[in-house]
Amino acid sequence: MRSLFPVTDLTKSASGAEHPSGPLTDREWSLDELAEAYAYPAGTLWLRANMVSTLDGAAQHDGRSQGISCASDMRIFGTLRGLADVVIAGAETVRLEGYRPARAREAFAARRAAAGQGPAPAVAVVTGSMDLDFSLPLFTEPLVPTLVVTGSGAPADRIEAARKAGAEVVIAGEGARVDPVRVVRELADRGLRRQLTEGGPRLLGQFVAAGVLDELCLTISPMLTAGDAQRIAGGPGVAVPERFFLASLLEEAGFLFTRYRRTDS
């Protein structure tokens, strides 16, 4: 991917120093440069989202995001996962997108080791009903145990099934409701402070409404789909729209790769 226009953030490392390669305009970015550009702020709890949307606001096509994505979008997807402690996803997204365990990637091994991270991020599945297939590799074959985040009223037999499959059950809400604020805090209490959510729209909407989203990495796909596909965030609206500022912008083949941060983050 290539820079669309100069943005100060994109020519500096995470520490704020001039990037050793100089301005990253008009050429292909390496994975290491992407990792520098998307580095988490040091020493803080940080929740970022990674989503893709068409020009007319569709977050999916035929129920999945793959049809509106591209190869460079997947490179950023892999980079964000390579930097995260935990990937948070709603149960419906896990089912529709066929989630598998996050894999260790050699390109990020040294960076993760230096940051005190394991070889791959954990995956945390948020579900009130526990309607999940615990025989899938996501639960039986991860490098690090998958977390199932649910409420205190989740069915006891489903909790037991999750634990038998090797998953760690995290209680982050009362009754059948999962509290998005508690999700963030419970994961942070387990040392998972570099947080990445990949949706779906309902879960992202809950994080937005709760005021806990620090950053949105949004790929704008140069496609129009019409129809009634979901937006990137759904559910109850906020009383006053929250303002985010543009932190970086890349472009390739008409796809825009934006990164927005909350103004008070």
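Description of the structure in this document.

What counts as what
Residues numbered from 1 in each chain as written. Predicted model: local features only at pLDDT ≥ 70, side-chain atom pairs only at ≥ 80, totals over all residues. Heavy atoms only, no water. Salt bridge = Lys/Arg side-chain N within 4 Å of Asp/Glu carboxyl O. Buried < 20%, exposed > 50% of the residue type's maximum accessible area, 1.4 Å probe, protein only. Helix = DSSP H or I, 4+ residues; strand = E, 2+ residues; numbered from the N terminus. 1 Å grid on protein atoms, 1.4 Å probe; cavity = no way out; pocket = protein on both sides within 12 Å on 5 of 7 lines; lining within 4 Å. Points joined across faces, edges and corners; volume = space filled by probe spheres on them. Nonpolar A, V, L, I, M, F, W, Y, C, P; charged D, E, K, R; others polar. Polar contact = N/O pair within 3.5 Å; in protein donor to acceptor, adjacent residues only side chain to side chain. Core = buried A, V, L, I, M, F, W, Y, C linked by side-chain atoms within 4.5 Å. Contact = heavy atoms within 4.5 Å. Axes fitted to C-alpha atoms, helices over the stretch in contact; angles between N-to-C directions. Parallel < 35°, antiparallel > 145°, perpendicular 65-115°, else oblique. Left-handed = near helix turned anticlockwise from the far one by under 90°.

## Considering the pattern of salt bridges
Scanning the entire structure with this criterion turns up 14 salt bridges. Two residues, R182 and E174, come together in a salt bridge whose shortest N-O distance is 3.1 Å. Given the relative accessible area of 25%, R182 is considered partly exposed. Between E215 and R261 there is a salt bridge, and its shortest N-O distance comes to 3.0 Å. In this pair, E215 sits in strand β8 (residues 215-221) while R261 sits in strand β10 (residues 255-262), placing the two residues 46 residues apart along the sequence. E215 sits in the buried class, given a relative accessible area of 0%. Within the structure, one salt-bridge network assembled from shared partners comprises E168, E174, R182, E186 and R190.

## A few points about the layout of surface pockets
Any empty space left between the atoms is revealed when a probe the size of a water molecule rolls over them. In this structure, the largest pocket spans a volume of roughly 1200 Å³. Taken together, 46 residues form the lining of the largest pocket, with T93, Y99, E198, G199 and G200 sitting closest to its centre. Among the secondary structure elements, those contributing two or more residues to the lining of the largest pocket are β2 (46-54), α2 (71-83), α3 (91-97), α7 (180-189) and α8 (201-210). For the lining of the largest pocket, the per-class residue count stands at 20 nonpolar, 16 polar and 10 charged.

## A few points about the side chain of E33
Looking at the element boundaries, E33 is found in helix α1 (residues 31-37). For E33, a relative accessible area of 7% puts it in the buried group. Engagement of the side chain of E33 in a polar contact is seen with the backbone nitrogen of S30, the distance being 3.0 Å.

## Quick word on the environment of P241
Structurally, P241 is set in the loop between β8 and β9 (244-252). Through-space distance from the C-alpha of P241 to that of V208 is 9.8 Å; in sequence the pair is 33 residues apart.

## Some words on the nonpolar core
Formed by 27 residues in total, the largest nonpolar core has its most connected members in I88, V149, V183, L187 and F207. Where this core is concerned, the elements lending two or more residues are β2, β3 (86-90), β4 (122-126), β5 (147-150), α7, α8 and β8. Non-local contacts of F207, meaning those with residues more than four positions away in its chain, are made with L47, I88, P180, V183, V184, T197, V212 and L213.

## What about the side chain of T93?
Mapped onto the fold, T93 is located in helix α3. T93 sits in the buried class, given a relative accessible area of 13%. Excluding residues within four positions of it along the chain, T93 makes contact with G98, Y99, E198, G199 and G200.

## Looking at the packing of α2 against helix α4 (residues 106-114)
Two numbers describe how α2 lies on α4: the axes approach to 9 Å, and their chain directions differ by 30°. By the criterion of interaxial angle, the relationship of α2 to α4 is roughly parallel. As α2 packs across α4, the resulting crossing turns out to be right-handed. Together, G78, T79, R81, G82 and L83 of α2 and F108, R111 and R112 of α4 make up the contact between the two elements. Taken together, the residues of the contact of α2 with α4 break down into two nonpolar, three polar and three charged.

## Some remarks on the environment of D214
Mapped onto the fold, D214 is located in the loop between α8 and β8. Of the residues examined, D214 reaches a relative accessible area of 10% and is grouped as buried. For the pair D214 and A49, spaced 165 residues apart in the sequence, the C-alpha separation amounts to 8.3 Å. Within polar-contact distance, the side chain of D214 engages the backbone nitrogen of L47 at 2.9 Å.

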